[in-house]
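What follows is each chain in one-letter form.
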Amino acid sequence: MDLLQLCTDAKSASRLAAKLGTNEKNEALLALAKNLAAASSDIIAANKVDVEEAVANGMSQALLDRLTLTEARIEGMAEGVTQVASLPDPIGEVLSMWTRPNGLKIGQQRVPLGVIGIIYESRPNVTVDSFALTFKSGNAVILRGGSDCIHSNLALVKVIKETLRQCGIEENIISILEDTDRKYVNELIRMDDYLDVIIPRGGAGLIRNVSQNASVPVIRTGTGNCHIYVDKDADLTKAVPIILNAKLQRLGVCNAAESLVIHKDVAEEALKAIIPALQAEGCEVRGDALVQEICANIVPATEEDYGTEYLAKIISVKVVDSIDQAIAHINKFSTGHSESIISENYTAVQQFLNEIDSAAVYANASTRFTDGFEFGFGAEIGISTQKLHARGPMGLNALTTTKYIIYGNGQVRP
């Protein structure tokens, strides 16, 4: 594989992508939605090869769930593409304009980032989501999916490229590394003459490797050690279904709750309602001494447990003396992704929302809503847990930057 040529072609294509009009982009996206549905049998056949290999290699059930494509999931991809087409085009938007005393008119305009590299694992839906968002925001994209979903990704990129050709648009606006040798990842993340940003999506090891070794600027999408805090003024009729949903609705996702924090004043009542409900669903509970005293079949929790993203039917539980202690515990062990408070106390809710240092902070709702589709973005590139440029689910605006445009009438600087 000639990675240099692939990057060179993507750089050239990014200039063309930036010039596409809104109607051209929307028509191509709507055509893609139709073509994905029409090609679903071919896509599922390719995905079946990946799934069979993953099963043979002992992939966990949670990761197999993320890898597997069905007609319903392909329909969901197509719906996401359609939603992106319906969103306002951010490119060209003038965010502000002001006039200086010398008559210069200075404006700030939204423009594409350029060439975006996305490195991801086991999630073929990322292929379509990434294209839809980078394309609508006027960028070119280079994809590097994991070896465990290569057949699925190639089938999806084939449909995307065919759609671009149908619409008379340069197909190198999307590229994929067909060779999954890891050496190409280390080469790609140092192609700073061609790429404008790298976005890693996957486990902590992948994100750490890219962040530490890239010369291309990186937007980190973080792992999710997400917490739910049950306050002393919680409504337990809300708490139980929220916690079950956040922990168990899908295991292998970064917005699943991995840790539960409970105020001591409601510990006995809350634990007796929540823990049996979790255990009835086959969830292992790892708790502190008080949790073990109140409930049966509790595994003793360690400090490591409180900082672990399990991606499995396991949850850690800690009892705290106050909301201040809960906030301190969460800010210590959180990965900065998503946290939720269950409380009917307005003051407690506002304190939690203000003092928790994470990308998404909820009151009386499941952390599972931290998702570009659920936020109305159509799809997402990832969920950024860093603080510069983008934070939280990354939609169209997160894939743009700005430049200043200045209108003069002969001014020169004295």
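Please read these numbers as outputs of a predicted model, since none were measured by experiment.

J.: How should I be thinking about the layout of surface pockets in this particular structure?
T.: Taking a probe equal in size to a water molecule and rolling it over the atoms shows the remaining empty space. Within this model, the second largest pocket holds a volume of roughly 230 Å³. Of the residues contributing to the lining of the second largest pocket, the split by class is nine nonpolar, four polar and two charged.

J.: Just to check I follow, could you spell out the pattern of salt bridges for this structure?
T.: A side chain with one charge can pair with a side chain of the opposite charge if their charged atoms come near. In total, this model carries 17 salt bridges according to the counting rule given. Residue Glu380 is joined to Arg201 by a salt bridge in which the shortest nitrogen-to-oxygen separation is 3.7 Å. In this pair, Glu380 is assigned in the loop between strand E13 (360-363) and strand E14 (383-384) and Arg201 in strand E6 (residues 197-201), connecting sequence segments 179 residues apart. Look at Glu380 and you get buried, because its relative accessible area is 8%. Two residues, Arg286 and Asp305, come together in a salt bridge whose shortest N-O distance is 2.8 Å. Remark: Asp305 occurs in helix H13 (residues 303-306) and Arg286 occurs in strand E9 (residues 284-287); sequence separation between them is 19 residues.

J.: Hey, could you run me through the sheet that holds strand E5 (residues 174-176) in this one?
T.: The strands making up a sheet associate through hydrogen bonds between their backbones, and the pairing can be parallel or antiparallel. Taken together, the four strands give an open sheet; going across it, the order is E5-E4-E3-E6, and neighbouring strands pair in parallel fashion. Two strands in the sheet have a free side with no partner beyond their single neighbour: E5 and E6. When the angles between neighbouring strand axes are averaged without regard to direction, this sheet yields 20°. Pairing of strand E3 (residues 115-120) with E6 involves five bridges; the strand directions are parallel. Looking across to E6, one finds that Gly117 is bridged to Ile198.

J.: Mind showing me how you'd approach unusual backbone geometry here?
T.: Comment: phi is negative for the bulk of residues other than glycine, and the bulk of peptide bonds are trans. The backbone phi angle of Asn364 is positive, close to 60°, even though this residue is not glycine. Within the fold, Asn364 resides in the loop between E13 and E14. For Asn364, a relative accessible area of 25% corresponds to the partly exposed category. With phi around 75°, His389 is a residue other than glycine that occupies positive phi space. Mapped onto the elements, His389 comes out in the loop between E14 and strand E15 (392-393).

J.: Just checking my understanding: could you explain a negative patch on the surface for this structure?
T.: Together, Glu178, Asp179, Asp181 and Glu187 make up a negatively charged patch on the protein surface. By the element assignment, Asp179 lies in the loop between E5 and helix H8 (183-188).

Cut-offs used in this document
Residues numbered from 1 in each chain as written. Predicted model: local features only at pLDDT ≥ 70, side-chain atom pairs only at ≥ 80, totals over all residues. Heavy atoms only, no water. 1 Å grid on protein atoms, 1.4 Å probe; cavity = no way out; pocket = protein on both sides within 12 Å on 5 of 7 lines; lining within 4 Å. Points joined across faces, edges and corners; volume = space filled by probe spheres on them. Nonpolar A, V, L, I, M, F, W, Y, C, P; charged D, E, K, R; others polar. Salt bridge = Lys/Arg side-chain N within 4 Å of Asp/Glu carboxyl O. Helix = DSSP H or I, 4+ residues; strand = E, 2+ residues; numbered from the N terminus. Buried < 20%, exposed > 50% of the residue type's maximum accessible area, 1.4 Å probe, protein only. Pairing = 2+ DSSP bridges. Axes fitted to C-alpha atoms, helices over the stretch in contact; angles between N-to-C directions. Patch = residues over 30% accessible without salt bridge, like charges linked within 9 Å, V, L, I, M, F, W, Y side chains within 5 Å. Areas by Shrake-Rupley, 256 points an atom, 1.4 Å probe, with all protein chains shown as cover. Lys, Arg positive; Asp, Glu negative; His and termini not counted. Charge placed at Lys NZ, Arg CZ, Asp CG, Glu CD.

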